[in-house]
Amino acid sequence: MNISKYKPYLNVKDHSVSKEEFTLYRDESIDLVFTYPQPEEHKLAAYYESEDYISHTDGSRSFFEKAYQFVKQIALKNKLKCINQLQESKGILLDIGAGTGDFLAVAKQDGWQIIGIEPNDKAKMIAQKKGVSFAENTASLEDHSIDAITMWHVLEHVPNIENQIKELKRLLKPSGTIIIAVPNFNSYDAKYYNSFWAAFDVPRHLWHFSKKSIKSLFERENLHLVKIVPMLFDAFYVALLSEKYKTGRMNYLKAFFIGLQSNWKAKSTGEYSSHIYIIKTIK
């Protein structure tokens, strides 16, 4: 990558694991921000080795984790409702980055045929106990065999984003749907917390998306962005973690206020803390 082509956007610290500093650069042509240097793929796993990396556990050790698990149950129902509204019939659902399998377990109970992809062995073991079945990788799956593909806060972790989008298109049935959820660096909470914004989460988050960048990247593969749905809970969760990074403690009231303010401002700007993107094949 010729880094000189891009403008430095922000210097950000890995607050949760390594404490290393990384630079964010911005590709202004599509409004995409990326982490630099990007760790080599075989070294990335070390940056996930933390008990605090909550998506890989079912932890309920603290009030924060208990609140996270409670909100997660509400979010799971909303995610399932979203997919059921998009697809006329329940077929094969592929969740890439399935974590501890809660979403797929709920979808299975609702009548979907489920397949998960998850690189973290600990998370995969937890998911398998919930009846979730996994494929080793997407390459083992047939062309145009999947009715719905979900990536809930996963696309930002993928080293080669162009190849990933090509693979999503290969797997998707012509009538299928791709559902992508990612943070939005143009949100109010991102601007407020700046380098302490928890959703930068360097270097685990290699890419930082805007609405323009998602639309541009998928259109290159003739995939069409048909709808954007806000993730309202994310503003509060991200603000709470950001407060911890900024001040060293959980400022619950302050975080709630910032999350509320972010969602309120987004009513007029359309820039929520995180978005769900609904993507279809262009016919």
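In this text, all values refer to a predicted model and were calculated from it rather than measured experimentally.

**Student:** Quick question: what am I supposed to make of the pattern of salt bridges here?
**Tutor:** If the charged atoms of two oppositely charged side chains come close together, the side chains can form a pair. Overall, the coordinates contain 11 salt bridges when judged by the stated rule. When the shortest N-O distance is used, the salt bridge between Asp-14 and Arg-204 registers 2.6 Å. Taken together, the positions of Asp-14 in the loop between β1 (7–13) and β2 (21–27) and Arg-204 in the loop between α5 (188–193) and β8 (207–208) put the pair 190 residues apart, joining distant regions of the chain. Overall, the relative accessible area of 0% leaves Asp-14 in the buried class. Bridged by salt links that share partners, the residues Asp-14, Asp-201 and Arg-204 form one connected network.

**Student:** Hey, could you run me through the sheet that holds strand β9 (residues 223–230) in this one?
**Tutor:** Strands belonging to one sheet form pairs held by backbone hydrogen bonds; the direction of such a pair is parallel or antiparallel. Ordered in space as β5-β4-β6-β7-β10-β9, the six strands form an open sheet in which the pairing is mixed. Every interior strand has two partners, whereas the edge strands, β5 (113–117) and β9, have only one. Across the sheet, the mean angle from the axis of one strand to that of its neighbour is 20°, orientation sign disregarded. Two strands pair when backbone bridges link them, and β9 and strand β10 (residues 274–281) are joined in this way by seven bridges, in the antiparallel orientation. Looking across to β10, one finds that Lys-227 is bridged to Ile-278.

**Student:** Which parts of the structure should I look at to understand helix α8 (residues 252–269)?
**Tutor:** Because an α-helix completes one turn every 3.6 residues, residues spaced three or four positions apart along the sequence face the same direction. Under the 1.5 Å per step criterion, the end-to-end length of α8 is 25 Å for 18 residues, consistent within 8% with the ideal 26 Å. Ala-255, Ile-258, Gly-259, Ser-262, Asn-263 and Ala-266 are the residues of α8 that are buried. An end-on view of α8 places all buried positions within 135° of arc, on one side of the element. Away from the buried face of α8 by more than 90 degrees, exposed residues Leu-253, Trp-264, Lys-267 and Ser-268 are located. As for α8, its buried residues are in contact with α5 and α7 (232–247). Gly-270 lies just past α8 and shows a positive phi near 80°.

About the criteria used
Residues numbered from 1 in each chain as written. Predicted model: local features only at pLDDT ≥ 70, side-chain atom pairs only at ≥ 80, totals over all residues. Heavy atoms only, no water. Salt bridge = Lys/Arg side-chain N within 4 Å of Asp/Glu carboxyl O. Helix = DSSP H or I, 4+ residues; strand = E, 2+ residues; numbered from the N terminus. Buried < 20%, exposed > 50% of the residue type's maximum accessible area, 1.4 Å probe, protein only. Pairing = 2+ DSSP bridges. Axes fitted to C-alpha atoms, helices over the stretch in contact; angles between N-to-C directions. Expected span 1.5 Å × (residues − 1). Arc of directions from axis to C-beta. Contact = heavy atoms within 4.5 Å.

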